[in-house]
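Per-entry structural report
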Amino acid sequence: MCSSDLWREGLSILNLRGSPEDPAFLAAVQSALGVALPVRAGATAEGQALRVVWAGPDDWFVIGARGQADTLTRQLRERLTGLHAAVTDVSSGYTVLHLSGRPVREQLAQGCPLDLHPRAFGAGQCAGTHFFKASVWLWQLDDEPCFELLVRRSFTGYVWRMLELGAAECGLLTRVFA
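Residues numbered from 1 in each chain as written. Predicted model: local features only at pLDDT ≥ 70, side-chain atom pairs only at ≥ 80, totals over all residues. Heavy atoms only, no water.

Within the protein chain, the regular secondary structure consists of 4 helices and 10 strands. The secondary structure elements of the protein chain, listed N-terminal to C-terminal, are β-β-α-β-β-β-α-β-β-α-β-β-β-α. Taking 2.2 N^0.38 as the reference for a compact globule, 178 residues should give roughly 16 Å; the C-alpha atoms of the protein chain span a radius of gyration of 17 Å, in line with that estimate. Across its three principal directions, the C-alpha atoms of the protein chain cover 55 × 40 × 30 Å. The buried share of the protein chain, taken over its 178 residues, is 47%. (Helix = DSSP H or I, 4+ residues; strand = E, 2+ residues; numbered from the N terminus. Rg over C-alpha atoms; globule rule 2.2 N^0.38 Å. Buried < 20%, exposed > 50% of the residue type's maximum accessible area, 1.4 Å probe, protein only.)

Written out as structure tokens, the structure reads:
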């Protein structure tokens, strides 16, 4: 189940590059992560304690728990030894925004050009897009609906401000705690 809107700070975020047409690459990644890579455009995969987000034909984001970046990087690099692949820890450059609730589609639609209607975009799907002027990756976790956005850390304030500005129109309340 999804919880209230929040920034998920400090997650382990890796960028993984390699050939999905190489069976050895696919097997090594599955062995390291415990989940098969999503090789279909716009797909995600969920493992025990991580999510893999398709970012391109040979490009994925691996998003794990806080403090696991070194472990995930080491596991991937060990199993990918000798293969044409790259693993880069990008945790310090990104954060994830978790949004849930009935009006979340309308809220995102104010600044995102994607068709987020359930018939066009559902659970397990992802896409690179923009939210107003900030480049983001977004994916839908479930049918509640619950979304997460991967946002460059330098744009978190901007994205939050744009969410606040559109909240009233979508029936959301913004609370400020002093």
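That was the structure; now back to the text.
Attention now moves to the packing of aromatic side chains. For the structure shown, the criterion picks out 5 aromatic pairs. Here the aromatic rings of F61 and W137 are separated by 6.3 Å at their centres, their planes lie at 65°, and the arrangement is edge-to-face. Remark: W137 occurs in strand β9 (residues 134–142) and F61 occurs in strand β5 (residues 59–64); sequence separation between them is 76 residues. In terms of burial, F61 and W137 fall into one category: buried. Summarising the aromatic geometry, the rings of F131 and F132 are spaced 4.9 Å apart at their centres and angled 80° between planes, so their arrangement reads as edge-to-face. By relative accessible area, which is 2% here, F131 ends up buried. Through a chain of ring-to-ring contacts, the aromatic side chains of F61, Y94 and W137 assemble into a single cluster. (Phe/Tyr/Trp six-rings, centres within 6.5 Å; stacked < 30°, edge-to-face > 60°.)

Moving on: the environment of W139. Within the element layout of this structure, W139 appears in strand β9. Owing to a relative accessible area of 0%, W139 belongs among the buried residues under this scheme. Remark: the alpha-carbon pair of W139 and V29, spanning 110 residues in sequence, is separated by 21 Å.

This next bit is on the packing of helix α1 (residues 23–33) against helix α2 (residues 69–79). In a packed pair of helices, the relevant descriptors are the angle between the two axes and the axis-to-axis distance. Where α1 meets α2, the axes come as close as 9 Å, and the angle between the chain directions of the two elements is 150°. Crossing hand, α1 versus α2: right-handed. In this structure, α1 uses A28, V29, S31, A32 and L33 to contact α2, whose residues at the interface are L72, Q75, L76 and R79. Grouping the constituent residues of the contact of α1 with α2 by class yields 6 nonpolar, 2 polar and 1 charged. (Axes fitted to C-alpha atoms, helices over the stretch in contact; angles between N-to-C directions. Left-handed = near helix turned anticlockwise from the far one by under 90°. Contact = heavy atoms within 4.5 Å. Nonpolar A, V, L, I, M, F, W, Y, C, P; charged D, E, K, R; others polar.)

When α1 is considered as a whole, its buried residues turn out to be F25, A28, V29, A32 and L33. In an axial view of α1, the angular spread of the buried residues amounts to 115°, which keeps them on one side of the axis. G34, located one to two residues past α1, shows a positive phi value of around 80°. (Arc of directions from axis to C-beta.)

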